[in-house]
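Listed below, chain by chain, are the residues.
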Amino acid sequence: MNESLLDETKLQEAREKIDALKNNVRQVLIGQDEVVEQVVIAFLAGGHVLLEGVPGLGKTLLIRALAKSISLDYKRVQFTPDLMPADVTGHSMLDMASGKFSIRKGPAFTNLLLADEINRAPAKTQAALLEVMQEYQITIDGQSMPLESPFMVLATQNPIDNEGTYPLPEAELDRFMLKVLVSYPSDVDEVNLTKLNTQNQTGVVNSQLNSVLSKEDALQLRELVNNILIDDKLVEYAVGLVRSTREWDGIVHGAGIRASIALVQTAKVKALCEGQGFVTPDHIKAMLFPVLRHRIILSAEREISGTSPEQILLEISEQAVAPRQ
Amino acid sequence: MNLDKISIDIRPRNSWRAFDLGCVMAMKWWKPLMGFWLIATAPLFLLACFISPEFGPLLIWLCKPLFERGLLYIYSRRVFGEEVSAKQALINWPKQLKKMWFSSITWRRLSPSRGFDLAVVQLEGLTGEARSKRLTVLHKTTDDNSGWWLFICLHWEVFFLIGLLTTINLIIPQGIDINVMTVFRQPEPWMLWLYNACLFTVWLIVAPIFIGGSFASYLNRRIILEGWDIELNFKKIIIPKSGNEERSNKASVLSLSVIFISILLLNAPSNSAYANETQLVPEVNQSEIVADAKLEIETESEQPEFESKKRIRDILDVPPFNENQTVKKYRWKGWNWEAETSEEQSTIPEWVEVLVRFIATFGEILLWLVFAAILFLLVYLTKDHILYFLRSASEKVDNPTIDLPSFSKVYEEEGLPSDLGAEVEQLLASESYRKLLSLLLVTSLIEISKEQRLPLTNSMTEQECLRVIKASIVDHRKEFMQTLIDTWIKLAWAHIWPSNSKMKLLSEEWKDLFELHLSETGEA
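Heads up: these notes are all about the structure in this document.

Basis of the calculations
Residues numbered from 1 in each chain as written. Chains lettered and ligands numbered in written order. Predicted model: local features only at pLDDT ≥ 70, side-chain atom pairs only at ≥ 80, totals over all residues. Heavy atoms only, no water. Axes fitted to C-alpha atoms, helices over the stretch in contact; angles between N-to-C directions. Helix = DSSP H or I, 4+ residues; strand = E, 2+ residues; numbered from the N terminus. Parallel < 35°, antiparallel > 145°, perpendicular 65-115°, else oblique. Contact = heavy atoms within 4.5 Å. Nonpolar A, V, L, I, M, F, W, Y, C, P; charged D, E, K, R; others polar. Phe/Tyr/Trp six-rings, centres within 6.5 Å; stacked < 30°, edge-to-face > 60°. Buried < 20%, exposed > 50% of the residue type's maximum accessible area, 1.4 Å probe, protein only. Salt bridge = Lys/Arg side-chain N within 4 Å of Asp/Glu carboxyl O. Patch = residues over 30% accessible without salt bridge, like charges linked within 9 Å, V, L, I, M, F, W, Y side chains within 5 Å. Areas by Shrake-Rupley, 256 points an atom, 1.4 Å probe, with all protein chains shown as cover. Lys, Arg positive; Asp, Glu negative; His and termini not counted. Charge placed at Lys NZ, Arg CZ, Asp CG, Glu CD.

## Quick look at the packing of helix H8 (residues 128-139) of chain B against helix H10 (residues 189-226) of chain B
All names here are of chain B. H10 packs onto H8 with a crossing angle of 80° between their chain directions and a minimal axis gap of 10 Å. With respect to H10, the element H8 is oriented roughly perpendicular. Within the contact between the two elements, H8 uses Arg134, Val137 and Leu138 and H10 uses Tyr218, Arg221, Arg222, Leu225 and Glu226. Looking at the contact of H8 with H10, its residues break down into four nonpolar, no polar and four charged.

## Some points on the packing of aromatic side chains
Residues and elements named next belong to chain B. Evaluation of the coordinates by the stated rule reveals 20 aromatic pairs over all chains. Consider the rings of Trp16 and Phe19, whose centres lie 5.5 Å apart with planes at 65°: the pair is edge-to-face. With a gap of three residues between them, Trp16 and Phe19 both fall in helix H1 (residues 15-28), about one helical turn apart. The exposure class of Phe19 is buried, given its relative accessible area of 2%.

## Quick notes on the pattern of salt bridges
Any two side chains of opposite charge can pair, so long as their charged atoms come close to each other. Evaluated as defined, the whole model comprises 27 salt bridges over all chains. Of the charged contacts in the structure, one is a salt bridge between A:Glu52 and A:Lys179, with a shortest N-O distance of 3.2 Å. Placement of the pair is A:Glu52 in strand S1 (residues 49-52) and A:Lys179 in strand S9 (residues 178-181), with a sequence separation of 127 residues. A salt bridge links B:Arg114 to B:Glu68, with the shortest nitrogen-to-oxygen separation between them at 2.5 Å. Placement of B:Arg114 in helix H7 (residues 114-122) and of B:Glu68 in helix H4 (residues 64-79) is noted, with a sequence separation of 46 residues between them. Each member of the pair, B:Arg114 as well as B:Glu68, carries the same accessibility label: buried.

## Brief notes about a negative patch on the surface
Residues and elements named next belong to chain B. On the surface, a cluster of negative charge is contributed by Asp475, Glu479, Glu508, Glu509 and Asp512. Sorting the residues of the negative patch by element identifies helix H23 (475-493) and helix H24 (500-521) as the ones contributing at least two each. Here the negative patch gets three residues from one element, more than from any other, and that element is H24. When you line up the elements, Asp475 lands in helix H23.

Spatial relationships are all this shows, so hold off on functional conclusions.
Listed below in structure tokens is the structure:
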């Protein structure tokens, strides 16, 4: 019988750090607790996030707040139809003085990369992110350069106004660990947000944020995740849920192996966020929607009948027998 | 049937004017019509609504053609001058239902021309093939709008219904948060009753109009086919005459009219158009007709009407009116072209006819095969959609409820022991904490589920189950279950072994809270 490799003190410290990070971001991103939590989970799990929401919900603000809270470098790229791959990754340029080619690094050489409105760029530019997201390296003129750790891509897309957009290919969608839906804050939160932004000038709020976590702390937390205990039955349960999507009536294309890995990994981080050294079935269930919602393609009949991916995933989780000891 | 007593203006109309006539008839005789409808349908409607406010009206709607027969009975009598009250109609109504009552509320219920066709069944008493032939003749016109009449009445029903509901909605005082129009989305019982009342009112208004229009259209068709107006005009001509002359002229004009009608009948496309003639044409001896006709021909030249006809004929016989011109055009001659053409002398060689017939038959079979293939292909291509909609209609997502002993795998196979108290003691002594916790958990859940319904399912995790359990129990049991499940989760998923003292405490609490009940009920 394996036991958790983490003692209570370490778990408590980790929880406090994560809570401090979340609370710091929540200072400016009011009413989006779930979004903040899921982005932090993806960051600690070493994955990338696709944020979907209408404009003006603070997606860019979230990235800036996260970067400031962890003392990390961040870059923002506005994806447009004329954006070229080299505009993201970088390119080599002839130095007239020395007569040699020198590499000019693109905005992808950072810790947190915000790919704003990613679906506005053509497939070629979107594909430039594939290597970055999967291999954590960039190749320019045959020279591969590893990215500094931690590295995370946070891409946004707008669910409305789809005129002239390029839907993300399945291969790229699969590389996003989580798809987080950013919705409007509650009534009370919106009032607070309005007050906050009218009492202080926009931007001032953001600049007041202090760093609560060092880069080393962030990397340590990531390492702690590896020591979170997960029972084999829970791994089987997570894999079973993912496999169900491949055979489920109403799903044309189910989730792949990356989904199983992401589900287990994020469940571990979720446990760590709660100060637990072990994963329970609840942690897996909690991460089911953000991990799988962008990895399944519904059949035409279900789409026509207005079924959402979340409804299908709910059906799957309600039909799956929970693991028992 | 006596045309002399007919109470409407007999003349050929187009079908829309016939429907207008039907509306006028409905307005004129509204008392017996609505009276009959109220007496016949209201009790059954109320009964059906009491049984099921949602589906009761549907049943009455299905049976509407039966009630409409009573309305047609009133119309058919009133048109020919017979005063029929609602009461009399109600007494005679069951007799009207004898023929084709079942088909009229099942496979013929949705026929668009059912109002028009009803007269053929009910008044002419035709069924089977005779009915089909008769309807073929009656519908064989470009002016057959009986189906449209049904759709118009259907629209009236919808407009009246929405109008009534809107009116009620408008007169609800401000401040009362009721929207009657939500009856279509989230109907409350009283709203359903209100809706049903409106529906009944709408039927009460529209049903007599629908049957009136349909019957007027049917009468109009027969007037055109059988020349009732001509017959009636002949009758009117002889009315002013008196004495012997009157009698002889009456006989001669009547005879002539019969001959005229007979000629019309002979030239008509099918004999079936004159089904039930005994009801329509006054019974006259055939020999009398011939004798009267001879007499009429002899006296023809003496009558001014025939003189004018002769003068007209003379004018038409001289140019430019006598220029006959033959124009050849292709035109549709109806389905019975074979019968008609067979009488004509054919100049086409027989083998050509055989060949044409063969090609036609072959083409017909080919067309049917193509039609069947397209139909099959359509069904095949849409099989997934059809299956999906059939499945979604019939199936509901089934969440199997949990079998409580299977909450823990430990006791799932071997079953619970007979003496629970002794088993707990024994497990505690041997430090078999996993088994002990399983036993405590399963027995506690069984005991709670006897007192409170626990909607637990197999897909629920321990924490989800705990949330449901905590909502069902109070006080000490709630605290005990919280501790028990927390300990179980730590053992199951964190592999953290509970301390001896904790297990002792849990066992003691379990005994206090559950063991007594279990032994009392003999469940253990």
